[in-house]
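Survey of secondary and tertiary structure
Here are the chains, one letter per residue:
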Amino acid sequence: MKLFLFISQSIYALMLVPWFIVWGVSFMVFDSGYSLWGVGIMIMVTLYPIAVAVCSLLSWIYVKKMRPLSIVAINLVPSIWIMAFALIIFVF
């Protein structure tokens, strides 16, 4: 379990480098003015490092207290952002 947590959180940490670039480029959604869609996109992009920090912290805190499946589920929440970004890149 600890090896899985270490590997997955290392991947999340490596994904923070491209996230920073995407976050900087995401401000261009406001070039044509403010919209609910643009604000929503910025909020979702900005929440990735927060999700990584919170889920990583919770998974290490609960490693002895919860079942392994619950810890895996908590730890895989930030992968939603990675999969969504990969889907956007490969589909469009």
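Residues numbered from 1 in each chain as written. Predicted model: local features only at pLDDT ≥ 70, side-chain atom pairs only at ≥ 80, totals over all residues. Heavy atoms only, no water.

**Re the overall build of the protein**
Summing up its helical and strand segments, the protein has 5 helices and 0 strands in all. Its helices and strands taken in sequence order, the protein reads α-α-α-α-α from the N to the C terminus. Dimensions along the principal axes, computed over C-alpha positions, put the protein at roughly 50 × 25 × 20 Å. Here the protein has roughly 6600 Å² of accessible surface; of this, 82% comes from carbon and sulfur atoms. (Helix = DSSP H or I, 4+ residues; strand = E, 2+ residues; numbered from the N terminus. Areas by Shrake-Rupley, 256 points an atom, 1.4 Å probe, with all protein chains shown as cover.)

**Focus on helix 4 (residues 68–75)**
Every buried residue belonging to helix 4 is among Ile 71, Ile 74 and Asn 75, and all of these are buried. Around the axis of helix 4, the buried residues are gathered within 95 degrees of arc, so they sit on the same side. (Buried < 20%, exposed > 50% of the residue type's maximum accessible area, 1.4 Å probe, protein only. Arc of directions from axis to C-beta.)

**Quick look at the packing of aromatic side chains**
A complete count under the given rule lists 6 aromatic pairs for this structure. Ring geometry for Trp 19 and Phe 20: centres 6.3 Å apart, planes at 50 degrees, overall tilted. Trp 19 sits in the buried class, given a relative accessible area of 17%. Ring centres 5.1 Å apart and planes at 45 degrees place the aromatic pair Phe 30 and Tyr 34 in the tilted group. What makes Phe 30 partly exposed here is its relative accessible area of 22%. Here the aromatic residues Trp 19, Phe 20, Trp 23 and Phe 27 are joined through ring pairs into a cluster of three or more. (Phe/Tyr/Trp six-rings, centres within 6.5 Å; stacked < 30°, edge-to-face > 60°.)

**Digging into the packing of helix 1 (residues 2–14) against helix 3 (residues 36–61)**
At their nearest, the axes of helix 1 and helix 3 sit 11 Å apart, and the two run at 170 degrees to each other. One way to sum up the angle between helix 1 and helix 3 is to call them roughly antiparallel. Judged by residue contacts, Lys 2, Leu 5, Phe 6, Gln 9 and Tyr 12 of helix 1 engage Tyr 48, Val 52, Ser 56, Ser 59 and Trp 60 from helix 3. Partitioned by chemical class, the residues of the contact of helix 1 with helix 3 number 6 nonpolar, 3 polar and 1 charged. (Axes fitted to C-alpha atoms, helices over the stretch in contact; angles between N-to-C directions. Parallel < 35°, antiparallel > 145°, perpendicular 65-115°, else oblique. Contact = heavy atoms within 4.5 Å. Nonpolar A, V, L, I, M, F, W, Y, C, P; charged D, E, K, R; others polar.)

**Let's talk about the environment of Met 44**
Turning to its location among the elements, Met 44 is positioned in helix 3. Through-space distance from the C-alpha of Met 44 to that of Val 17 is 17 Å; in sequence the pair is 27 residues apart.

**Things to note about the nonpolar core**
Among the nonpolar cores identified, the biggest contains 5 residues, and these are Tyr 12, Trp 19, Val 45, Tyr 48 and Val 52. When near neighbours in sequence (up to four residues on either side) are disregarded, Tyr 12 contacts Tyr 48, Val 52, Asn 75, Leu 76, Pro 78, Ser 79 and Ile 82. (Core = buried A, V, L, I, M, F, W, Y, C linked by side-chain atoms within 4.5 Å.)

**Quick notes on the side chain of Asn 75**
By the element assignment, Asn 75 lies in helix 4. Beyond its immediate stretch of four places on either side in the chain, Asn 75 contacts Phe 4, Leu 5, Ser 8, Gln 9, Tyr 12 and Ser 59.

Functional significance is not addressed by these values, which are geometric in nature.
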